[in-house]
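Summary of the model geometry
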Amino acid sequence: MGEERVSEQVSLLYVPLGEEDPYPEEDWDYATADTKILTHGFHAYPAMMIPQVARRLIRMYGREGQTLLDPFCGSGTSLVEARLAQLNAYGVDLNPLAVLLARVKATPLPPESLQESLACIYDHYRRLQRLPKEERQKYVPRFFNIDYWFSPQVQEDLALLRSAIWSLQEKLLRDFFLVVFSHTVRECSYTRKGEFKLYRMPPEQQQAYRPDVLATFLAKAEANIAGMAQFVAQARGESWLQVWQGDMRQKQPIPDETVDLIVTSPPYGDSQTTVAYGQFSRLSLQWLGLPDEEAKSIDSRALGGRQAESQALCYRSVTLDETTERIAQLDRRRAKQVRAFYDDFSLCFTEITRVCRQGAKACFVVGNRTVKGVKIPTDAILVEMAEGFGWRLVETFERRIPNKRMPLQNSPSNVPGERGETMTREHIVILEKQG
Ligand SMILES: C[S@@+](CC[C@H](N)C(=O)[O-])C[C@H]1O[C@@H](n2cnc3c(N)ncnc32)[C@H](O)[C@@H]1O
(Lines give C-alpha, C1' and ligand atoms only; values in the text may rest on other atoms or scores of the structure.)
Protein backbone atom coordinates (compact mmCIF):
# COMPACT_ATOMS: atom_id res chain seq x y z
CA MET A 1 0.00 0.00 0.00
CA GLY A 2 1.44 3.39 -0.98
CA GLU A 3 2.24 6.01 1.63
CA GLU A 4 -0.43 8.29 0.23
CA ARG A 5 -3.17 5.74 0.79
CA VAL A 6 -2.08 5.03 4.35
CA SER A 7 -2.24 8.70 5.25
CA GLU A 8 -5.60 9.03 3.49
CA GLN A 9 -7.00 6.24 5.68
CA VAL A 10 -5.54 7.69 8.83
CA SER A 11 -6.96 11.12 8.12
CA LEU A 12 -10.36 9.57 7.46
CA LEU A 13 -10.18 7.73 10.75
CA TYR A 14 -9.35 10.74 12.86
CA VAL A 15 -12.14 12.97 11.68
CA PRO A 16 -14.32 13.49 14.78
CA LEU A 17 -17.73 11.84 14.54
CA GLY A 18 -20.84 13.94 14.21
CA GLU A 19 -19.15 16.66 12.15
CA GLU A 20 -21.27 18.29 9.44
CA ASP A 21 -19.57 16.91 6.33
CA PRO A 22 -15.85 16.44 6.81
CA TYR A 23 -15.26 16.49 3.03
CA PRO A 24 -17.57 19.22 1.64
CA GLU A 25 -15.36 19.73 -1.40
CA GLU A 26 -15.37 16.07 -2.42
CA ASP A 27 -18.06 14.49 -4.57
CA TRP A 28 -19.61 11.16 -3.62
CA ASP A 29 -18.38 9.24 -6.67
CA TYR A 30 -15.05 7.97 -5.32
CA ALA A 31 -14.19 7.07 -8.89
CA THR A 32 -10.55 6.23 -8.16
CA ALA A 33 -10.86 5.07 -4.56
CA ASP A 34 -9.62 1.64 -3.55
CA THR A 35 -12.81 -0.13 -2.46
CA LYS A 36 -10.99 -3.30 -1.36
CA ILE A 37 -9.19 -1.88 1.67
CA LEU A 38 -9.13 -3.75 5.01
CA THR A 39 -11.68 -6.58 4.96
CA HIS A 40 -13.81 -5.01 2.22
CA GLY A 41 -12.13 -7.11 -0.49
CA PHE A 42 -12.75 -10.47 1.19
CA HIS A 43 -15.44 -11.66 -1.20
CA ALA A 44 -17.43 -10.29 -4.13
CA TYR A 45 -21.14 -9.53 -3.65
CA PRO A 46 -23.69 -7.92 -5.99
CA ALA A 47 -24.31 -4.19 -5.59
CA MET A 48 -21.88 -3.67 -2.71
CA MET A 49 -21.81 -0.26 -1.10
CA ILE A 50 -18.62 1.77 -1.53
CA PRO A 51 -16.81 1.72 1.85
CA GLN A 52 -15.88 5.39 1.44
CA VAL A 53 -19.59 6.28 1.22
CA ALA A 54 -20.46 4.30 4.34
CA ARG A 55 -17.48 5.82 6.17
CA ARG A 56 -18.43 9.37 5.28
CA LEU A 57 -22.08 8.88 6.27
CA ILE A 58 -21.10 7.35 9.61
CA ARG A 59 -18.73 10.21 10.26
CA MET A 60 -21.39 12.77 9.39
CA TYR A 61 -24.29 11.30 11.34
CA GLY A 62 -22.86 8.87 13.92
CA ARG A 63 -21.23 9.18 17.30
CA GLU A 64 -18.98 6.78 19.17
CA GLY A 65 -20.95 4.32 21.32
CA GLN A 66 -24.15 4.73 19.31
CA THR A 67 -25.92 1.84 17.58
CA LEU A 68 -26.13 1.41 13.82
CA LEU A 69 -28.46 -0.93 11.95
CA ASP A 70 -28.04 -2.10 8.38
CA PRO A 71 -31.39 -3.80 7.67
CA PHE A 72 -30.15 -5.13 4.28
CA CYS A 73 -26.54 -5.62 5.27
CA GLY A 74 -25.41 -7.77 2.32
CA SER A 75 -21.68 -8.39 2.63
CA GLY A 76 -21.46 -5.98 5.58
CA THR A 77 -19.79 -2.83 4.24
CA SER A 78 -21.48 -0.44 6.66
CA LEU A 79 -21.01 -2.85 9.60
CA VAL A 80 -17.23 -2.92 9.03
CA GLU A 81 -17.18 0.88 8.92
CA ALA A 82 -19.39 1.15 12.01
CA ARG A 83 -16.94 -0.92 14.01
CA LEU A 84 -14.01 1.17 12.83
CA ALA A 85 -15.84 4.25 14.09
CA GLN A 86 -16.64 2.47 17.38
CA LEU A 87 -20.38 2.22 16.87
CA ASN A 88 -22.27 -0.92 17.87
CA ALA A 89 -23.80 -2.63 14.86
CA TYR A 90 -26.79 -4.81 14.00
CA GLY A 91 -26.92 -6.42 10.56
CA VAL A 92 -29.86 -8.28 9.03
CA ASP A 93 -30.06 -10.05 5.68
CA LEU A 94 -32.23 -12.71 4.11
CA ASN A 95 -29.29 -14.38 2.42
CA PRO A 96 -27.22 -16.72 4.64
CA LEU A 97 -24.10 -16.15 2.52
CA ALA A 98 -24.40 -12.40 3.15
CA VAL A 99 -24.71 -13.07 6.89
CA LEU A 100 -21.52 -15.17 6.86
CA LEU A 101 -19.61 -12.53 4.87
CA ALA A 102 -20.80 -9.64 7.02
CA ARG A 103 -20.01 -11.38 10.30
CA VAL A 104 -16.52 -12.45 9.21
CA LYS A 105 -15.60 -9.08 7.70
CA ALA A 106 -16.67 -7.11 10.76
CA THR A 107 -15.21 -9.39 13.46
CA PRO A 108 -11.56 -8.70 14.32
CA LEU A 109 -9.48 -11.90 14.59
CA PRO A 110 -5.79 -12.18 15.47
CA PRO A 111 -3.78 -12.74 12.27
CA GLU A 112 -1.42 -15.14 14.11
CA SER A 113 -4.33 -17.50 14.95
CA LEU A 114 -5.44 -17.33 11.32
CA GLN A 115 -1.96 -18.27 10.10
CA GLU A 116 -1.86 -21.23 12.51
CA SER A 117 -5.30 -22.38 11.37
CA LEU A 118 -4.28 -22.11 7.75
CA ALA A 119 -1.31 -24.39 8.42
CA CYS A 120 -3.68 -26.91 10.09
CA ILE A 121 -6.04 -26.80 7.09
CA TYR A 122 -3.13 -27.37 4.73
CA ASP A 123 -1.81 -30.39 6.69
CA HIS A 124 -5.28 -31.88 7.01
CA TYR A 125 -5.95 -31.43 3.29
CA ARG A 126 -2.65 -33.10 2.34
CA ARG A 127 -3.48 -36.08 4.61
CA LEU A 128 -6.91 -36.46 2.96
CA GLN A 129 -5.32 -36.32 -0.47
CA ARG A 130 -3.23 -39.37 0.37
CA LEU A 131 -6.36 -41.50 0.90
CA PRO A 132 -7.25 -44.04 -1.81
CA LYS A 133 -9.45 -42.64 -4.61
CA GLU A 134 -12.63 -44.44 -3.48
CA GLU A 135 -12.17 -43.05 0.05
CA ARG A 136 -11.67 -39.51 -1.25
CA GLN A 137 -14.79 -39.81 -3.37
CA LYS A 138 -16.90 -40.37 -0.26
CA TYR A 139 -16.33 -36.74 0.71
CA VAL A 140 -17.95 -35.38 -2.47
CA PRO A 141 -21.48 -34.09 -1.78
CA ARG A 142 -24.43 -34.58 -4.09
CA PHE A 143 -26.49 -31.50 -4.78
CA PHE A 144 -28.53 -30.09 -7.64
CA ASN A 145 -26.44 -29.58 -10.79
CA ILE A 146 -23.04 -30.17 -9.17
CA ASP A 147 -21.77 -31.90 -12.35
CA TYR A 148 -23.00 -29.02 -14.48
CA TRP A 149 -20.89 -26.46 -12.61
CA PHE A 150 -17.81 -28.37 -11.42
CA SER A 151 -15.40 -30.83 -13.05
CA PRO A 152 -14.95 -34.16 -11.19
CA GLN A 153 -11.44 -33.15 -10.07
CA VAL A 154 -12.61 -29.79 -8.73
CA GLN A 155 -15.47 -31.51 -6.90
CA GLU A 156 -13.04 -33.80 -5.13
CA ASP A 157 -10.56 -31.05 -4.26
CA LEU A 158 -13.29 -28.75 -2.92
CA ALA A 159 -14.77 -31.60 -0.89
CA LEU A 160 -11.44 -32.37 0.79
CA LEU A 161 -10.80 -28.70 1.42
CA ARG A 162 -14.21 -28.27 2.99
CA SER A 163 -13.56 -31.20 5.28
CA ALA A 164 -10.16 -29.78 6.25
CA ILE A 165 -11.77 -26.44 7.16
CA TRP A 166 -14.43 -28.20 9.21
CA SER A 167 -11.68 -29.85 11.26
CA LEU A 168 -11.08 -26.43 12.92
CA GLN A 169 -12.80 -26.40 16.32
CA GLU A 170 -13.14 -22.64 16.76
CA LYS A 171 -16.22 -21.36 14.89
CA LEU A 172 -14.92 -17.84 14.26
CA LEU A 173 -11.75 -19.19 12.67
CA ARG A 174 -13.72 -21.74 10.67
CA ASP A 175 -16.10 -19.08 9.37
CA PHE A 176 -13.16 -16.95 8.26
CA PHE A 177 -11.90 -19.80 6.08
CA LEU A 178 -15.40 -20.68 4.86
CA VAL A 179 -15.48 -17.22 3.28
CA VAL A 180 -12.19 -18.01 1.52
CA PHE A 181 -13.67 -21.36 0.53
CA SER A 182 -16.77 -19.68 -0.90
CA HIS A 183 -14.55 -17.47 -3.07
CA THR A 184 -12.67 -20.61 -4.18
CA VAL A 185 -15.91 -22.38 -5.10
CA ARG A 186 -16.86 -19.59 -7.46
CA GLU A 187 -13.39 -19.19 -8.93
CA CYS A 188 -13.00 -22.90 -9.66
CA SER A 189 -16.49 -23.48 -11.08
CA TYR A 190 -17.47 -23.21 -14.73
CA THR A 191 -19.16 -19.85 -14.10
CA ARG A 192 -18.13 -17.03 -16.41
CA LYS A 193 -15.89 -14.79 -14.33
CA GLY A 194 -16.76 -11.21 -13.53
CA GLU A 195 -20.54 -11.81 -13.65
CA PHE A 196 -22.95 -11.91 -10.78
CA LYS A 197 -25.55 -14.06 -12.51
CA LEU A 198 -24.87 -17.72 -13.11
CA TYR A 199 -23.69 -18.23 -16.68
CA ARG A 200 -21.60 -21.23 -17.67
CA MET A 201 -18.48 -20.79 -19.76
CA PRO A 202 -18.72 -22.24 -23.28
CA PRO A 203 -17.78 -25.97 -23.68
CA GLU A 204 -14.43 -25.33 -25.40
CA GLN A 205 -13.38 -23.10 -22.49
CA GLN A 206 -14.56 -25.70 -19.94
CA GLN A 207 -12.32 -28.34 -21.44
CA ALA A 208 -9.25 -26.16 -21.12
CA TYR A 209 -10.20 -24.99 -17.61
CA ARG A 210 -8.05 -26.74 -15.00
CA PRO A 211 -8.19 -24.54 -11.88
CA ASP A 212 -5.87 -25.32 -9.00
CA VAL A 213 -8.26 -25.42 -6.03
CA LEU A 214 -5.63 -25.48 -3.30
CA ALA A 215 -3.53 -22.69 -4.84
CA THR A 216 -6.64 -20.51 -5.33
CA PHE A 217 -7.62 -21.08 -1.72
CA LEU A 218 -4.15 -20.42 -0.28
CA ALA A 219 -3.63 -17.21 -2.27
CA LYS A 220 -7.00 -15.82 -1.19
CA ALA A 221 -6.45 -16.92 2.42
CA GLU A 222 -3.14 -15.02 2.58
CA ALA A 223 -4.72 -11.91 1.03
CA ASN A 224 -7.64 -12.02 3.48
CA ILE A 225 -5.36 -12.53 6.49
CA ALA A 226 -3.42 -9.43 5.39
CA GLY A 227 -6.72 -7.49 5.12
CA MET A 228 -7.74 -8.72 8.58
CA ALA A 229 -4.42 -7.60 10.03
CA GLN A 230 -5.10 -4.05 8.79
CA PHE A 231 -8.65 -4.15 10.15
CA VAL A 232 -7.48 -5.39 13.56
CA ALA A 233 -4.91 -2.59 13.72
CA GLN A 234 -7.63 0.02 13.16
CA ALA A 235 -10.66 -1.47 14.96
CA ARG A 236 -10.11 -0.42 18.55
CA GLY A 237 -12.68 -0.03 21.27
CA GLU A 238 -15.45 -1.97 22.85
CA SER A 239 -18.23 -1.90 20.27
CA TRP A 240 -20.36 -5.00 19.65
CA LEU A 241 -21.73 -6.63 16.51
CA GLN A 242 -24.81 -8.79 15.93
CA VAL A 243 -25.63 -10.16 12.49
CA TRP A 244 -28.38 -12.65 11.70
CA GLN A 245 -30.47 -14.06 8.89
CA GLY A 246 -33.82 -12.34 8.91
CA ASP A 247 -36.56 -10.89 6.77
CA MET A 248 -36.99 -7.18 7.46
CA ARG A 249 -40.68 -7.40 6.58
CA GLN A 250 -41.03 -9.19 9.90
CA LYS A 251 -40.33 -8.22 13.48
CA GLN A 252 -36.64 -8.51 14.38
CA PRO A 253 -35.07 -9.11 17.82
CA ILE A 254 -34.18 -5.44 18.36
CA PRO A 255 -35.81 -3.50 21.24
CA ASP A 256 -38.02 -0.51 20.41
CA GLU A 257 -36.32 2.85 19.82
CA THR A 258 -32.72 1.74 20.42
CA VAL A 259 -31.11 2.40 17.02
CA ASP A 260 -29.43 5.77 16.33
CA LEU A 261 -28.31 5.40 12.74
CA ILE A 262 -29.22 3.40 9.64
CA VAL A 263 -26.73 3.18 6.78
CA THR A 264 -27.96 0.84 4.09
CA SER A 265 -28.41 0.10 0.41
CA PRO A 266 -31.72 -1.70 0.01
CA PRO A 267 -32.34 -4.18 -2.82
CA TYR A 268 -33.16 -2.51 -6.13
CA GLY A 269 -36.40 -4.32 -6.70
CA ASP A 270 -35.19 -6.60 -9.46
CA SER A 271 -33.62 -9.53 -7.59
CA GLN A 272 -35.28 -11.87 -10.08
CA THR A 273 -33.66 -10.22 -13.08
CA THR A 274 -30.71 -7.84 -12.86
CA VAL A 275 -29.25 -7.95 -9.35
CA ALA A 276 -29.70 -11.60 -8.42
CA TYR A 277 -28.23 -11.97 -4.91
CA GLY A 278 -29.48 -15.54 -4.60
CA GLN A 279 -28.22 -16.64 -7.98
CA PHE A 280 -24.83 -15.19 -7.14
CA SER A 281 -24.73 -17.07 -3.83
CA ARG A 282 -26.22 -20.40 -4.88
CA LEU A 283 -23.12 -22.50 -5.59
CA SER A 284 -21.39 -21.34 -2.41
CA LEU A 285 -24.48 -22.01 -0.34
CA GLN A 286 -24.84 -25.50 -1.77
CA TRP A 287 -21.22 -26.25 -0.90
CA LEU A 288 -21.76 -24.78 2.56
CA GLY A 289 -24.53 -27.32 3.06
CA LEU A 290 -27.73 -25.33 2.58
CA PRO A 291 -30.55 -27.51 1.21
CA ASP A 292 -31.05 -27.04 -2.57
CA GLU A 293 -34.55 -25.60 -2.25
CA GLU A 294 -33.42 -22.93 0.18
CA ALA A 295 -30.32 -22.06 -1.85
CA LYS A 296 -32.43 -21.73 -5.00
CA SER A 297 -35.25 -19.67 -3.53
CA ILE A 298 -33.43 -16.60 -2.15
CA ASP A 299 -34.33 -14.28 -5.00
CA SER A 300 -38.00 -15.20 -4.88
CA ARG A 301 -38.01 -14.57 -1.12
CA ALA A 302 -36.31 -11.14 -1.44
CA LEU A 303 -38.32 -7.92 -1.45
CA GLY A 304 -40.75 -7.88 -4.34
CA GLY A 305 -39.83 -11.48 -5.21
CA ARG A 306 -43.40 -12.65 -4.85
CA GLN A 307 -46.54 -10.69 -5.41
CA ALA A 308 -47.63 -9.83 -1.90
CA GLU A 309 -51.13 -10.73 -0.78
CA SER A 310 -53.12 -7.58 -0.21
CA GLN A 311 -52.11 -6.53 3.29
CA ALA A 312 -52.96 -3.58 5.44
CA LEU A 313 -50.29 -1.24 4.05
CA CYS A 314 -49.98 2.19 5.54
CA TYR A 315 -48.15 4.31 3.02
CA ARG A 316 -48.98 6.49 0.10
CA SER A 317 -46.71 7.77 -2.64
CA VAL A 318 -48.14 9.92 -5.38
CA THR A 319 -44.95 9.43 -7.40
CA LEU A 320 -45.32 5.64 -7.17
CA ASP A 321 -48.99 5.85 -8.21
CA GLU A 322 -48.11 7.93 -11.27
CA THR A 323 -45.14 5.73 -12.18
CA THR A 324 -46.99 2.42 -11.90
CA GLU A 325 -49.90 3.90 -13.85
CA ARG A 326 -47.54 4.70 -16.73
CA ILE A 327 -46.01 1.22 -16.63
CA ALA A 328 -49.47 -0.40 -16.43
CA GLN A 329 -50.45 1.24 -19.70
CA LEU A 330 -47.62 -0.77 -21.29
CA ASP A 331 -47.65 -3.92 -19.16
CA ARG A 332 -49.99 -4.55 -16.23
CA ARG A 333 -48.01 -7.49 -14.91
CA ARG A 334 -44.78 -5.50 -14.67
CA ALA A 335 -46.64 -2.65 -12.96
CA LYS A 336 -47.89 -5.11 -10.34
CA GLN A 337 -44.35 -6.40 -9.77
CA VAL A 338 -43.05 -2.89 -9.21
CA ARG A 339 -45.87 -2.16 -6.78
CA ALA A 340 -45.18 -5.45 -4.91
CA PHE A 341 -41.61 -4.36 -4.29
CA TYR A 342 -42.63 -1.05 -2.70
CA ASP A 343 -45.39 -2.73 -0.70
CA ASP A 344 -42.75 -5.07 0.71
CA PHE A 345 -40.42 -2.17 1.30
CA SER A 346 -43.08 -0.38 3.31
CA LEU A 347 -43.33 -3.40 5.63
CA CYS A 348 -39.58 -3.08 6.27
CA PHE A 349 -40.08 0.60 6.92
CA THR A 350 -42.59 -0.18 9.68
CA GLU A 351 -39.92 -2.28 11.39
CA ILE A 352 -37.16 0.28 10.80
CA THR A 353 -39.37 2.98 12.34
CA ARG A 354 -40.14 0.83 15.39
CA VAL A 355 -36.48 0.22 16.27
CA CYS A 356 -35.20 3.77 15.66
CA ARG A 357 -35.09 6.46 18.33
CA GLN A 358 -36.60 9.86 17.83
CA GLY A 359 -33.99 12.00 16.03
CA ALA A 360 -32.31 8.95 14.48
CA LYS A 361 -30.88 9.41 11.00
CA ALA A 362 -31.43 6.91 8.20
CA CYS A 363 -29.16 6.98 5.15
CA PHE A 364 -30.48 5.02 2.15
CA VAL A 365 -28.33 4.55 -0.96
CA VAL A 366 -30.86 3.91 -3.74
CA GLY A 367 -30.73 3.53 -7.49
CA ASN A 368 -33.42 4.54 -9.96
CA ARG A 369 -34.48 1.65 -12.17
CA THR A 370 -36.12 1.76 -15.56
CA VAL A 371 -38.99 -0.60 -16.31
CA LYS A 372 -40.57 -0.66 -19.78
CA GLY A 373 -38.73 2.56 -20.55
CA VAL A 374 -40.30 4.30 -17.53
CA LYS A 375 -37.84 5.64 -14.93
CA ILE A 376 -38.79 4.77 -11.37
CA PRO A 377 -37.63 7.59 -9.07
CA THR A 378 -36.93 5.46 -6.00
CA ASP A 379 -35.50 8.41 -4.08
CA ALA A 380 -38.73 10.43 -4.42
CA ILE A 381 -40.89 7.40 -3.64
CA LEU A 382 -38.79 6.61 -0.58
CA VAL A 383 -39.15 10.16 0.77
CA GLU A 384 -42.95 10.15 0.29
CA MET A 385 -43.22 6.74 1.92
CA ALA A 386 -41.00 7.76 4.84
CA GLU A 387 -43.05 10.91 5.50
CA GLY A 388 -46.06 8.67 6.08
CA PHE A 389 -44.07 6.90 8.81
CA GLY A 390 -43.07 10.13 10.55
CA TRP A 391 -39.68 10.78 8.96
CA ARG A 392 -38.54 14.03 7.34
CA LEU A 393 -36.07 14.52 4.52
CA VAL A 394 -32.78 16.07 5.66
CA GLU A 395 -30.97 16.07 2.32
CA THR A 396 -30.21 14.04 -0.78
CA PHE A 397 -26.78 13.55 -2.35
CA GLU A 398 -26.24 12.24 -5.84
CA ARG A 399 -23.41 10.00 -6.92
CA ARG A 400 -22.36 8.59 -10.27
CA ILE A 401 -21.60 4.88 -10.31
CA PRO A 402 -18.12 4.94 -11.72
CA ASN A 403 -17.25 1.25 -12.05
CA LYS A 404 -18.85 -1.94 -13.30
CA ARG A 405 -20.19 -2.78 -9.85
CA MET A 406 -23.72 -2.77 -11.23
CA PRO A 407 -24.80 -4.20 -14.55
CA LEU A 408 -25.53 -0.97 -16.40
CA GLN A 409 -27.67 -2.52 -19.05
CA ASN A 410 -30.33 -5.14 -18.76
CA SER A 411 -33.48 -6.03 -20.56
CA PRO A 412 -36.04 -4.07 -18.55
CA SER A 413 -38.73 -4.98 -21.02
CA ASN A 414 -37.79 -8.66 -20.55
CA VAL A 415 -37.44 -8.98 -24.31
CA PRO A 416 -34.31 -10.97 -25.17
CA GLY A 417 -31.78 -8.80 -26.95
CA GLU A 418 -33.57 -5.57 -26.06
CA ARG A 419 -31.41 -3.48 -23.80
CA GLY A 420 -32.14 -0.56 -21.59
CA GLU A 421 -30.22 1.50 -19.10
CA THR A 422 -30.61 0.37 -15.52
CA MET A 423 -28.66 2.70 -13.27
CA THR A 424 -25.65 4.93 -13.71
CA ARG A 425 -26.47 7.26 -10.84
CA GLU A 426 -27.69 6.66 -7.36
CA HIS A 427 -29.05 8.84 -4.60
CA ILE A 428 -28.14 8.96 -0.96
CA VAL A 429 -31.29 9.95 0.87
CA ILE A 430 -30.89 11.17 4.46
CA LEU A 431 -33.98 11.04 6.68
CA GLU A 432 -34.63 11.96 10.30
CA LYS A 433 -37.20 10.35 12.56
CA GLN A 434 -39.59 12.90 14.02
CA GLY A 435 -41.28 12.83 17.43
C1 LIG B 1 -27.93 -3.91 -2.28
S2 LIG B 1 -27.72 -5.36 -1.31
C3 LIG B 1 -26.80 -4.77 0.07
C4 LIG B 1 -25.34 -4.70 -0.23
C5 LIG B 1 -24.52 -4.24 0.95
N6 LIG B 1 -24.74 -2.84 1.24
C7 LIG B 1 -23.04 -4.50 0.73
O8 LIG B 1 -22.24 -3.57 0.77
O9 LIG B 1 -22.68 -5.66 0.47
C10 LIG B 1 -29.34 -5.64 -0.68
C11 LIG B 1 -29.46 -6.84 0.25
O12 LIG B 1 -30.82 -6.93 0.70
C13 LIG B 1 -31.08 -8.28 1.00
N14 LIG B 1 -32.55 -8.48 1.14
C15 LIG B 1 -33.49 -8.58 0.17
N16 LIG B 1 -34.71 -8.73 0.72
C17 LIG B 1 -34.54 -8.70 2.06
C18 LIG B 1 -35.43 -8.79 3.17
N19 LIG B 1 -36.75 -8.97 3.00
N20 LIG B 1 -34.92 -8.72 4.43
C21 LIG B 1 -33.58 -8.56 4.63
N22 LIG B 1 -32.69 -8.49 3.61
C23 LIG B 1 -33.15 -8.55 2.35
C24 LIG B 1 -30.42 -9.03 -0.15
O25 LIG B 1 -30.16 -10.38 0.20
C26 LIG B 1 -29.14 -8.21 -0.36
O27 LIG B 1 -28.06 -8.79 0.34
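Everything discussed here concerns the structure shown above.
As a starting point, this report considers the structure included with it. Just so we're clear, the structure is a prediction, and the values are computed from it rather than from any experiment.

Right, let's get into the pairing of strand β2 (residues 88-93). Within β2, six of the six residues are buried, which leaves it mostly tucked inside the rest of the structure. Where burial is concerned, the two faces of β2 agree: the one with N88, Y90 and V92 and the one with A89, G91 and D93 are both buried. Pairing between strand β1 (residues 67-70) and β2: four bridges, direction parallel. Bridge pairing in β2 links L69 to Y90. The parallel pair β1 and β2, bridged by helix α3 (residues 77-84), forms a crossover whose chirality is right-handed. Note: β2 against strand β3 (residues 241-245), five bridges, orientation parallel. Counterpart to G91 in the pairing with β3 is V243.

Attention now goes to the packing of aromatic side chains. Summed over all chains, the structure comprises 21 aromatic pairs. Taking 6.0 Å as the distance between ring centres and 85° as the angle between the ring planes, the aromatic pair formed by Y45 and F280 counts as edge-to-face. Within this pair, whereas Y45 is found in the loop between α1 (3-13) and α2 (51-61), its partner F280 is found in helix α12 (residues 277-287), the two being separated by 235 residues in sequence. With respect to class, Y45 is no different from F280; both count as buried. Here the aromatic rings of F196 and F280 are separated by 5.4 Å at their centres, their planes lie at 75°, and the arrangement is edge-to-face. On the criterion of sequence distance, the pair formed by F196 in the loop between α9 (171-188) and α10 (203-208) and F280 in helix α12 is long-range, its members being 84 residues apart. Exposure remark for F280: the relative accessible area of 2% places this residue in the buried category. One aromatic cluster is present, formed by F72, F341, Y342, F345, F349, F364, F389 and W391 through successive ring pairs. Cation over ring: R200 sits above Y148, and NZ or CZ is 3.6 Å from the ring centre.

Once that is clear, we can look at the pattern of salt bridges. Enumeration according to the criterion identifies 22 salt bridges in this entry. A salt bridge links R192 to E195; the nearest nitrogen and oxygen atoms lie 2.9 Å apart. What makes E195 partly exposed here is its relative accessible area of 26%. Where K361 meets E432, a salt bridge forms, and the shortest distance between an N and an O atom there is 3.0 Å. Of this pair, K361 sits in strand β5 (residues 356-367) while E432 sits in strand β11 (residues 425-433), and the two are 71 residues apart along the sequence. We note that K361, like E432, is buried.

With that out of the way, let us pick up the site of the ligand. The ligand sits among 23 residues. The nearest are Y45, M49, S75, T77 and D93. At a separation of 2.8 Å, an oxygen atom of the ligand approaches a polar backbone atom of M49. Here the ligand loses 100% of its free accessible area of 610 Å² to cover by the protein chains. Its residues assigned to classes, the shell around the ligand comprises 14 nonpolar, six polar and three charged.

Take the environment of L118 next. Mapped onto the elements of the fold, L118 is located in helix α5 (residues 111-129). For the pair L118 and L173, spaced 55 residues apart in the sequence, the C-alpha separation amounts to 9.4 Å.

To continue, consider the environment of A340. Note on placement: A340 falls in helix α16 (residues 332-355). By relative accessible area, which is 4% here, A340 ends up buried. Along the chain, A340 and G269 lie 71 residues apart, while their C-alpha atoms are 9.0 Å from each other.

Spatial strand order, β3-β2-β1-β4-β5-β11-β8: seven strands in an open sheet with mixed pairing. A strand with exactly one partner marks an edge of an open sheet, and here the two such strands are β3 and β8 (391-400). Within this sheet the neighbouring strands show an average axis-to-axis angle of 15°, counted without direction. Where β5 lies against β11, seven bridges are found, and the strand directions are antiparallel.

Conventions used here
Residues numbered from 1 in each chain as written. Predicted model: local features only at pLDDT ≥ 70, side-chain atom pairs only at ≥ 80, totals over all residues. Heavy atoms only, no water. Buried < 20%, exposed > 50% of the residue type's maximum accessible area, 1.4 Å probe, protein only. Helix = DSSP H or I, 4+ residues; strand = E, 2+ residues; numbered from the N terminus. Pairing = 2+ DSSP bridges. Right-handed = clockwise from strand over helix to strand, strands pointing away. Phe/Tyr/Trp six-rings, centres within 6.5 Å; stacked < 30°, edge-to-face > 60°. Lys NZ or Arg CZ within 6 Å of the ring centre and 35° of its normal. Salt bridge = Lys/Arg side-chain N within 4 Å of Asp/Glu carboxyl O. Near = heavy atom within 4 Å. Polar contact = N/O pair within 3.5 Å; in protein donor to acceptor, adjacent residues only side chain to side chain. Areas by Shrake-Rupley, 256 points an atom, 1.4 Å probe, with all protein chains shown as cover. Nonpolar A, V, L, I, M, F, W, Y, C, P; charged D, E, K, R; others polar. Axes fitted to C-alpha atoms, helices over the stretch in contact; angles between N-to-C directions.

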